[in-house]
Amino acid sequence: MTGISGGGRAWAAQILDRPVRRTSPAAGAEQPPFLAEVVSRSHVTFVQSPGSDVGPVAVHVPVTGHNLFLELTADGGPVVLRELTAEVLGTGPLVAEGTSLATPRRPDLILSPSLVPVAERSVNAYEELEIPQHEVLLPRGAPARVRPARDAYGRRLRPVPVPEVPAGGSCRVVLAVVTDEPGLLCWRLHAVVSQGGRDWRLAWDLRISARPVMSKFVPGGSGPVPVPVHEMFPQHWQVRWPVGAVPLPRGADEPVRLPAVAQAGRVVAADGALVITVDECEVPDDAVGFPGLPAGTMLWVYGTVGLAAVGLTEVTAAVLPPGRGGKGPLDSGLIELIIGMYSAAVHQGWRMRVNDVIGFGRPIDVGGAEVGGALILHAAGDGAWFPADWPPLLLVPLFDGEMEAVGRHGRGRVLANLAATESCFPYPWWFDPSRPPVVDPDTYDGSTVLDDVSNLRDENVMVVEGPGELTIIVDRERHEVLGGAWIQMPPRFALIPRYTTMTGRVRVWWPDQSKPSEVVAARPRSQNQAGVHFLLFIQGGSAVTADPMEDGFVVGLPVDDWYAMGTHLRAGRPIEWRTSGGTRLSVGYSGR
């Protein structure tokens, strides 16, 4: 097929019958005993005809956002991918004689019978581009960089690659190569791969361009308008940055060091509609996004693909492996739990919510420990996103006693104790089967003021204490619900708010504790405010009181003030008291 581009120059638009192309190693690169290949996949390429500056064979230059696969096969012993880096070799004008387009179906019009087999080969070879594990950024005027691919919220999009390959095995790392260079950019991919105690330094020379693929004419316009590649081929990966620059964090010139990972396997359930991936991962040296665990710690990391299709949210979970002789990661009761969640959604219409508590009904084995349930929590805390493929929600297994404490006293107390025990705020994102329970019901019975007290739980309420003040913050859209519940509560009850971590500090309490204590984030947002886990309201007395107790407060309200609280909550109006001890007690509202 032939068309005319702006300016009157003849331009060939060809059918791309080989969207996947292998790249030879760079001249002078080491030749290892194992197989290491780089393969590109692009839905559109610019075609450079053979010549003195191209070589004896036509070259297809992929367009920005294309896939690049690094494939390793461990011949002669296991291999480990240690490092990936990139460098720009040079830029210049892109001299091309045509564009080659991949198509998922045959064109409606084929001008020559000889092109029919080509079109059929193109359709048969067509594959969608994959979501990358890492991005290769090649911006104009800034250093090249390889970084993990993340979404707009900073969450990693896919499980970490599988750089540790057992003997005879193979793995593939998926990259997306992105540039804003409108001409021809020549670059080199470097990899350091270890085998048998030796580091092999490999390299491949590649080309890319961000030149618009075609032009379009707009009615009333003054001429052709360039069409960016993403407008015609939306699967090409896109990174938004200012023209000529890309915002690079500190240490951007450092190479990406991949954590050692050995793929453990995957479980396919529900007739193939649900996939549970299971990876054995090692916390990387930089430990960014892996708070609370030292580098080198091995983990079983679980992720799901398919829960969203039945109205749920994809989840992740991480477990510290047991000692030698324990069950393997594919034997975990977490797999049984996830399949049960899927089945409940399909057959019973169950819907998952953040902060839900899932009781198993019977103990299940997770890493050799019997657990009684799990919490569904946000997979983020204190600005650090947790590992695996970064789904929005996290499963946190709990022992039977901890589940009982959640049911009786709220989840905040248990999570704060977990955070303090594991030194990870606001809660550890992993489960350690060898740890002791952080709550012992036998010890708590008779030790806490919450024993035998009616409680009102409301995830739409936060309670924060500070110097001389105690603030209750109610979601404005839910104040009527809280106000209606208030007037039905007995004259002595505990309000259990949501686990409040916005300040980076929360109260923590143990039965043998003699004075107030807190668990604090590595970078708390406040130096003097902390979340509390309950307010024990008592009706009566002659003055408003607010006294700290355990990981909460005991608040006394005279009868008139008690009913004033209910009235103001139902109306959504703020209210404030000065307690007998001088503390400012107030109710405010968040949201519109």
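Here, residues in each chain are numbered from 1, in the same order as that chain's written sequence. Local features are withheld for residues below a pLDDT of 70 in this predicted model, meaning they are given only at 70 or higher, and side-chain atom pairs are given and counted only at 80 or more; totals for whole chains, interfaces and linings count all residues. Side-chain measures were taken over the full set of non-hydrogen atoms in the model, leaving aside hydrogen atoms and water.

Chemist: For helix H7 (residues 479-486), give the residues involved together with the corresponding values.
Modeler: Taken together, the buried positions of H7 are occupied by His 479, Leu 482, Gly 483, Ala 485 and Trp 486. Seen end-on, H7 carries its buried residues on one side only, within an arc spanning 165°. Type-normalised accessible area, obtained with a 1.4 Å probe on protein chains alone, sets the label of each residue: buried when under 20%, exposed when over 50%, and partly exposed for intermediate values. Only DSSP runs of H or I with at least four residues qualify as helices, and only runs of E with at least two residues qualify as strands; both kinds are numbered from the N terminus onward. Directions are taken from the helix axis to each C-beta atom, and the arc is the one they span.

Chemist: Explain the nonpolar core to me, using residue names and the numbers behind them.
Modeler: Leu 299, Leu 398, Val 414, Trp 429 and Trp 430 are the most contacted members of the largest nonpolar core, which has 35 residues in total. Those elements that place two or more of their residues in this core are strand S21 (298-305), strand S24 (369-378), strand S27 (393-398), helix H4 (400-409), helix H5 (411-422) and strand S33 (505-508). Non-local contacts of Val 414, meaning those with residues more than four positions away in its chain, are made with Leu 398, Glu 402, Ala 405, Val 406, Val 438 and Val 439. Throughout this description, the term nonpolar core refers to a set of buried Ala, Val, Leu, Ile, Met, Phe, Trp, Tyr and Cys residues connected via side-chain atoms within 4.5 Å. Residue contacts follow a heavy-atom distance rule, with two residues in contact if any of their heavy atoms lie within 4.5 Å.

Chemist: Now, about the packing of H4 against H5: what can you tell me, with residues and values included?
Modeler: Angular values range over 0 to 180 degrees, each being the angle between N-to-C directions of two axes fitted as lines to C-alpha atoms, with helices fitted over their stretch in contact. Running from amino to carboxyl end, H4 crosses H5 at an angle of 135°, the nearest separation of the two axes being 7 Å. In this view, H4 runs oblique relative to H5, as classed from their interaxial angle. Contacts from Glu 402, Ala 405, Val 406 and His 409 in H4 reach Arg 411, Arg 413 and Val 414 in H5. Should an angle fall under 35 degrees it is called roughly parallel, over 145 degrees roughly antiparallel, and 65 to 115 degrees roughly perpendicular, with every other angle called oblique.

Chemist: Would you mind going over the confidence of the model for the protein in detail, with residue names and values included?
Modeler: Confidence in the prediction of the protein, expressed as mean pLDDT, is 79, and 79% of residues score 70 or more. Averaged pLDDT values over the elements of the protein bottom out at 33 in strand S1 (residues 2-4) and peak at 97 in strand S36 (residues 535-539). As a per-residue measure, pLDDT tells how confident the predictor is, with possible values from 0 to 100. Per-residue pLDDT stays below 50 along residues 381-389; that stretch engages in 40 contacts with residues further than four places along the chain or on separate chains.

Chemist: How would you sum up the packing of aromatic side chains? Please name residues and give values.
Modeler: Pairing of aromatic side chains here covers Phe, Tyr and the six-membered ring of Trp, requires ring centres within 6.5 Å, and sorts the geometry by plane angle: under 30 degrees stacked, over 60 edge-to-face, intermediate tilted. In this structure the tally under the stated criterion is eight aromatic pairs. For the pair Phe 399 and Phe 431, a centre-to-centre distance of 5.5 Å together with 55° between the ring planes defines the contact as tilted. You can see Phe 399 sitting in the loop between S27 and H4 and its partner Phe 431 sitting in strand S28 (residues 430-431), a full 32 residues away along the chain. Comparing Phe 399 with Phe 431, the two get one shared label, buried.

Chemist: Let's hear about the sheet that holds S36: which residues, and what values?
Modeler: Pairing between the strands of a sheet is mediated by backbone hydrogen bonds and can be parallel or antiparallel. Here five strands make up an open sheet; going across it, the order is S29-S32-S36-S38-S37 and the pairing mixed. In this open sheet, the two strands that pair with only one neighbour each are strand S29 (454-457) and strand S37 (545-549). With strand direction ignored, the average angle separating the axes of adjacent strands in the sheet is 25°. Pairing between strands is defined by DSSP: at least two bridges between the two strands are required. In terms of strand pairing, S36 meets strand S38 (residues 552-557) through five bridges, oriented parallel. Bridging from a neighbouring strand, Gln 539 pairs with Leu 557 of S38. In this fold H4 packs onto S29 and strand S32 (492-496), with an angle of close to 90° to the strand it touches most, S29.

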